[in-house]
Each structure stands twice: as C-alpha cells, then as structure tokens.
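An overview of the molecular structure
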Amino acid sequence: MDKWVLIDGNSIIYRAFFALPPLTNSAGLHTNAVFGFTTMLLRLLEEEKPTHMLVAFDAGKVTFRHEGYEDYKGGREKTPPELSEQFPVLKELLRSFGIAQYELAGYEADDIIGTLSRLADERGVEALVVSGDKDMLQLASDHVTIALTRKGISEVERYDPAEINEKYGLKPLQIIDLKGLMGDTSDNIPGIPGVGEKTALKLLHEYGSVEAVLANAAELKGKMREKVETHQDSALMSKKLATIFREVPLEKQPDELTYGGYDAQTLADMFRKLEFKSLIERLELPGAASVDAAAVAAAATYEVVAAGSLDGPALAAMLAASDSVYIEAIGDNPHQARLIGLAAASGERIVVATYDDLMDEKLSGPLRGWLEDEHAPKRGYDLHKAELALGWLGIALRGIAFDALLAAYLLDPTESSQTLAALIQRHGLSAIQTDEAVYGKGARLVVPQGDVLANHLAAKADAVRRLVPLLAEQLEQGHMTKLNDELELPLAVVLAGMEKQGIQVNPAVLEELGAELERGISQYMSDIYAHAGMEFNINSPKQLGEVLFEKLGLPVIKKTKTGHSTDAEVLEKLEPYSEIVKLILQYRQLTKLQSTYVEGLLKEIRRDTGKVHTYYRQTIAATGRLSSQFPNLQNIPIRLEEGRRIRKAFVPSEPGWSILAADYSQIELRVLAHISGDERMKEAFIADTDIHTKTAMDVFGVSADEVDANMRRQAKAVNFGIVYGISDFGLSNNLGISRKDAARFIEQYFAVFEGVRAYMDNIVAQARRDGYVTTLLERRRYLPEIKASNFNLRSFAERTAMNTPIQGTAADIIKLAMVKMDGVLRERKLRSRMLLQVHDELVFEVPADELELMKTLLPEVMESALKLDVPLRADVSFGDNWYEAK
DNA sequence: AGGATCACG
DNA sequence: ACGTACGTGATCCTA
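Reading the values: rules and limits
- Residues numbered from 1 in each chain as written.
- Chains lettered and ligands numbered in written order.
- Predicted model: local features only at pLDDT ≥ 70, side-chain atom pairs only at ≥ 80, totals over all residues.
- Heavy atoms only, no water.
- UniProt positions renumbered as here; feature names shortened; annotations may be inferred.
- Near = heavy atom within 4 Å.
- Polar contact = N/O pair within 3.5 Å; in protein donor to acceptor, adjacent residues only side chain to side chain.
- Helix = DSSP H or I, 4+ residues; strand = E, 2+ residues; numbered from the N terminus.
- Pairing = 2+ DSSP bridges.
- Expected span 1.5 Å × (residues − 1).
- Bend = angle between axes of the 7 residues up to and from the residue.
- Buried < 20%, exposed > 50% of the residue type's maximum accessible area, 1.4 Å probe, protein only.
- Axes fitted to C-alpha atoms, helices over the stretch in contact; angles between N-to-C directions.
- Parallel < 35°, antiparallel > 145°, perpendicular 65-115°, else oblique.
- Left-handed = near helix turned anticlockwise from the far one by under 90°.
- Contact = heavy atoms within 4.5 Å.
- Nonpolar A, V, L, I, M, F, W, Y, C, P; charged D, E, K, R; others polar.

You'll find chain A entered in an unreviewed UniProt entry as DNA polymerase I, with Paenibacillus glycinis given as the organism. Taken from UniProt, the Sequence similarities (unreviewed entry) comment for chain A reads in full: "Belongs to the DNA polymerase type-A family." The Catalytic activity (unreviewed entry) field of the UniProt record for chain A holds the comment "DNA(n) + a 2'-deoxyribonucleoside 5'-triphosphate = DNA(n+1) + diphosphate".

As structure tokens, this is what we get:
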C-alpha cells in the first residue's frame, strides 16, 4: 500500500527557524531551521514509513495570485538573512536524504501539494500533507490527512475531515470560505475587516459559503450588514486567494517521488558539514562519535595487551615507551571518583591495567613506579581528575606532559562538549563508544569487566595518542603553546595540590550558626503565615506568587516565563505595600544561608580529614576563569554581615597557624588601563588614587573634596558597566536612573576616557574581523554571533568582545601568580599552603614563623605576576579564620 | 531536566 | 524600535 508524504517546505522551514534558538556551525553558517526541518523529516520517515515523499517550495516572488491582487503577501517582513542562507542548505540536505523536491515558477508550494493530493484522491492512495498553514485543511479528504505543526515544530496535530468538522463545524472546502470572510494578515489577505474567526464561523454555520453570506446580507443586522455589503468584493477576492489551485501543470510524475531510503555515507557527510553530531549519533551513521563495540574493534589498528599477561619488566618497558595514557575514574566529583583502570599506548600496542591490577602485588610495582615517575611523560585526557582519583588511593601522578582536555578547552573554551568521543569526532578520527553506552548512567551504571572494559580503555588511549599531535599543532597555530605549556598545564598540578590539601572547616561554628538561623526562620515563617492568613510553601515561587499577587493583590512588577516574578528586585519595590514583603526577603536570606552554606557545607566535610575539598574546574568558563564545585568555595558570603559569619568556620588545619589572604585591588580596571592605553586611567593607577573617586572627579568635573558618596557610587557603577561592556539600558537599570541620563553619563565618561572608548570600538571591530578576541596571554574566545542580524545576539557578542579580554586577562594574571607562588613555596621550602582561589583573591594557611615573610612575599609575587603599564596591587590580610582575614 | 532565585568576583 | 549589564554553582520547586 502506497503512502505519500507531501511537505510544505517554505512553511516548515519558517516554523523551524522561529521555533529554534540560533545555531551555527563553526563556519558561521546558520543551521537552526535546517536542523528543525531534519528532525521533523526523521520523525516522518520513522512514523509514516512513506513510499513517496516530496518537499514542495514556493518559486520566486510573483505567483498567479499576484495577478489581480498585487499586495498578496505584501507587508511581510523580509526574510531574515539567517534564514535565507538556509534554503540552499535545506535543498542540498534533501538531496542527501534522497527525498524529491519540487518548485514551479508562478506557483506556491500549496498548489503543488494540492495538485498531488488531488492525484492521491483520484488514485485512492493515502497521503499526509505536512504544513504549518491552516489553509491546507481544505485539502483534507478520505484519503488525505493534514498534519499541522503546533507549538513550534515539536508536535503536529492531524486533521481528517471528521476532525475538521469537530473543531470548526465545517467541511474541508469551507476552510476557503472561512479565509474569505476573516482574511489572513500574514498573507495580507483582507477578508471582511472586523470579521474574525468567531463571526466568520457563525456566518458559515448559518449560510454555508461566502457567496451565500453575500446573497443573504440583507438578513444581517446593523453594523454586520454594513460591513458585509461594503466589502463584498474583498470577501470574494480573499476567497479566491485562499483557494489552493489543484491543477498545476506538474512536470514531475508521482512515481518520481518514490522514496527509497537514504545512503548512510552521503547523509553522514552532509550532517558532518552541518555539524549535526547528535543526529549522526542517533542514526548511527558512519563516523558517529559513538559506534558499537564491534565497529570499534573492526576499525582498530592496535593490539590490546592485558597488564596481567606481562611480567613485571615487560610491563615496565611498555609503560616507559608509551605515547599516551587514559586513566578512567567514574563519578563527577574526582575526590569520590571510582578508579576503574588505565590504558597506555606504545605505538600500536596498548596495555590495559584494571583497578585490581593496580592493587595487585605483582603488577602494582611497575604501574605505580611509572605513574609516580616524573621523568616518564604522561600525555592524557583530564589528568587533573586522574591525579585526584589516584591521589586518594595513595598514588601520585607525576610527569604530566600534555592534556587533551586542557588543549581542547584552550582551542575553543565555549565548545559545549569536550568529551573524548566528541573531541575525536571533531578531529575526524575514527569513532569510539561513548561512556554512557559502555557504562550506562545514573542508577543503571554498571562497569563492565574483562574485554569490554579493556577494549574501551584501549580505544580511548588510542584516541588520545592520535589527538595529541593534532591538538599540539592547533595550539601552535593559535599561538597558545606557551599558554598551554607554561601556564595551564602547570596550573592543573597546582590546583590538584590545593584540592587534595583541602581547607579545614569547623563544624561547631556552622552548627551554632545553623541553630540560630533555625530560630529566625521559624519566627519568619509564622509571621509570614499570619500576614498571608494561610500556610503555604514560601519556597515555591508559584505559591508565593498566588499569595502576593492574588490573595493580597499586590501589583505585578515583572513576569517570568512561568508566572509572576518574586525575585529580590521585585520584592524591594513591593515593600511599601505590605509588611509581608520584608519578612519574605529576610526569610529568603536566612534559608539561603541555612540550606546552601550551613547544611550544604556540613555535608561536604570529609569525615576522615575534617576538611572540604573543592574541585576547581579549569575547562568550563569561557573567559579563562576557574570554577569551583563540590562545594563551590568561590561564592561563600561576604557582602552581608549575617552571611559573612560563615567564613568563621574556615580555619587553619594546624594549631597556631593563620589564614592569610591577598586580593588584587581593581585588577580588571588596571587591565583595562593597560590594554586600552588610556593615559588618564593609567595616571590614576600610577598615582594609586581611588579609581572611583577619580572617575567621579573627571566625569563630573569637580575636585576630590567635592566628590560626595553618591557621585562616587555612580562613578563606580559606570566603571563596572565599562568592564561588562556598557549599555545605557544596563546602567540605567543598575543606578535606577533614566536611560537618557545613563546615556549622558556614558557619553561624559567616554569624553574623558578617550582611550577606553577607542578600545571598545576597536575590540568590537577586531572581533568582527577575526571572529574572536584574545587576552594578553593569547587565550582565545570565538564570537560568531558578532555578525548576527538579530540585535540581541549581536549586542551580547559585542559586550562579550569588550569584557572577555578584561576578565580573561585578569584570570591569566592570577593563574600566573598561582604557578609562581607554588614555585616560590617549593624553592624556599616553606610550609605555607595555598588553599583557595576566588578570582582575584588567594587564600593560604601559614605557620606562625612564616607569617611575617608571607605577608610581604605573597603580594610581591602577585604584583609581579605580569608586567603591565600600570602597577598591580595586592592587599594582604590575616587572622584565625577566613572571616578575620579581612 | 529546567526554571527561578541568589551566593560570589 | 529592538531590550541586557560579564562570568560562575547550589538549592528548591515543578513539570
């Protein structure tokens, strides 16, 4: 039995374009609409199993409908270039699929589909018409079903004549009359002005057609009659325009629409060009990042050797000769990760050792000996994590020489997936299985034994071996070899050391604070319930919204996607209306401290060490900053006193020692002064004046003693804005002033700091030209959206272009300081330990006899980390805990 | 799984 | 006219 699927190409690609977020491949080609179209095609192929398939397109701008009504489809926004560039891509994709496509000058896609669906009717063949356009419903019949997209393109709704009758009370052909009466703004079909769907349906249920309505206009009352009578011609013309022409002189015969399946290689090549990796995976096409074990084995050029099959010296020799290593540790938190095993490739021979081998009396000697030998270079993937997982087993990992993950991050820090499977696919190497495929995930995580595991680890070691030279070459091309070798790679080792060391947390401090918070929270809860006149879950934005905006009738200030916004900014505006608002703000503050910082932190204290061991992630932030997890120690409260007390729980791990902290003063603005070369700003830092006061003096044109607190506050906000990539809207929002005033501020600022203005202009132009921006140490971030026609996307990219070199260079500097400081501590054999990094601050624990030295040494190292045209300044402080070090 | 909220620089 | 400040992670709730 034949089954035809007829797709309205123009309609679906439009829907897909607006339904999906922007998406580009690395060449900058927009692909979101094509992607959406493809997912729809795949679903249709799977669900409908068509024997014939056609995608019809509109041809050219002028159709027969324009004869007689020139304004047909007039007033439409012109197709955005991000979409137009996708039409030829879609057509090429259809060829790769082996799906027929057709367009004919002077006709629209609807007409082609209308004609084919008539043929389907005549032949008694089942057909499915796919479109986003309701007009298509007129084609429905016993043989023809219409599928209309709903909510973007994720769902379709099917209509046969019965369903059309149920929904509209109309026969399929009456859809044309419906359009004739109500018109269609998107096609600029006028209909009868003032007649919408409701009225049109009422009229049709009564009279049956446009002609009948016009003939009986005299029966209508008042305004309605007037409208119908004056717009008779319009109604008839609209009906004509809405009628799908079903006699198109097709040059294509239905048997040319036969769909015989796609060629996997052809489709894979097309998907690769478009970078539709997930689809390559889903269809298991050639070159998928993940393939099945048999395919990996078949493609393998290497030999897998079990460590247990070798004697000690043979194993040691193989390890010593290895080019790459892959060390597997499963679990997100490396401090708790389970070490599964490792594989080391020496040319085409790969030795695999399991966890048991590592613990084996005979094998552990050579294995540990090699891992701990700093003269035996390790080229691997995510060796930072491996170092921690091994470290907790009492095995040191030394001799880290290259890390594919780190290199991939430097090459493109915004790439969403840096998994090994994704990396090798990106570099066109032969595929391996994904970890999820081999190990499962979540509750179904099962680590296989024997050959299955050995083969997977070997495949990874082989992948790393092939990747290393490619990545190294690309780093070289991007001038990032030095950044990799001398900064990021040594830093990975420094970080692992800090993380293993951990920081002592005194649970008694937290518990006492927790008890106090508990009392406050229950008091606030009962007060809030009393004001609300009911009990509810204050933590639920939904329930809170109902109480505030429905029960208490407070004004709605801002909406979210899901309902009423109740964030702090909104609540502060609502404070005058009800006392409950203040209570909620207080409640929020206390519960945040309780759940995230008291309870959350207590859970992270390790029983065996009494410390928390964070994990600094080096390959996450697009700007080059670190991030911190399990727990995050980079967002411990400080701004409000209530929260700041949490810091009293962070103490030295040895009696008599102190916590010593040093933070860079205004590092981002100093970096800006340097890279912009702005003379006035440089002078300010060279003279070590208060930058916000100086900014206020210059922008307001007053002397130092004329700068009041408010002027300084505003100047400070402008300085922040400058670093973030300023806009008048953002500044006005932040300062609570009008956009005009904010714009005036910015103009005054740029009039004074001309070098800064020039920098901002130049960096955006440079990003547009090169496609990326860099930091002082050549760290790179690509900004493809800087060329977007969408204002939002483009503006965001422009602000990022301004901000990333500043934030990123500041990150470079503190990373340099960390590596240098680590070296200094080693050289001078000091016992002081680096514990934490918080973007512009370093925290140490120091013994009493090193305190005086460290108080001068640490800021010296930080200030001399990188030589800029302005001095760097670090302020140092110390105490018995992190709170006191202020 | 994703949104809302809020902690930090 | 457009509508946002830059970069993160943890917790809770809701679908």
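What follows continues from the structure just given.
What follows covers the protein's contact with DNA strand B. Residues in close proximity to DNA strand B total 21 residues, the closest being Thr-566, Lys-592, Ile-638, Arg-639 and Asp-840. Within 4 Å of the protein, atoms of DNA strand B come from sugar and phosphate in 77% of cases. In the environment of DNA strand B, a base oxygen lies 2.8 Å from a nitrogen or oxygen atom belonging to the side chain of Lys-592. For the surface near DNA strand B, the element with the most residues is helix H27 (residues 579-604), which contributes three residues.

The antiparallel open sheet is built from three strands, whose spatial order is S14-S13-S17. Single-partner strands in this sheet number two, and they are strand S14 (611-612) and strand S17 (650-651). As defined by bridge partners, strand S13 (residues 503-505) adjoins S14 across two bridges and the pair is classed as antiparallel. By the bridge assignment for S14, Gln-504 is matched with Lys-611.

So, about helix H36 (residues 791-827). With 37 residues, H36 extends 53 Å between its outermost C-alpha atoms, agreeing within 8% with the 54 Å of an ideal straight helix rising 1.5 Å per residue. Of all the bends in H36, the largest measures some 35° and sits at Asn-803, one to four residues before the proline Pro-805. Buried residues dominate H36, accounting for 27 of its 37 residues. At the C-terminal side of H36, Lys-829 shows a positive phi close to 50°.

Once that is clear, we can look at the environment of Lys-171. Counting through the fold element by element, Lys-171 comes out in the loop between helix H6 (161-168) and helix H7 (174-182). Sequence-wise, Lys-171 and Ile-667 are 496 residues apart; in three dimensions their C-alpha atoms are separated by 72 Å.

Where H7 contacts helix H8 (residues 197-207), the axes come no closer than 9 Å and their chain directions differ by 130°. Relative to H8, the element H7 is oriented oblique. For the crossing formed where H7 meets H8, the hand is right-handed. Across the interface between the two elements, Gln-174, Asp-177, Leu-178, Leu-181 and Met-182 of H7 pack against Glu-197, Ala-200, Leu-201, Leu-203 and Leu-204 of H8. Looking at the contact of H7 with H8 residue by residue, the class counts come to seven nonpolar, one polar and two charged.

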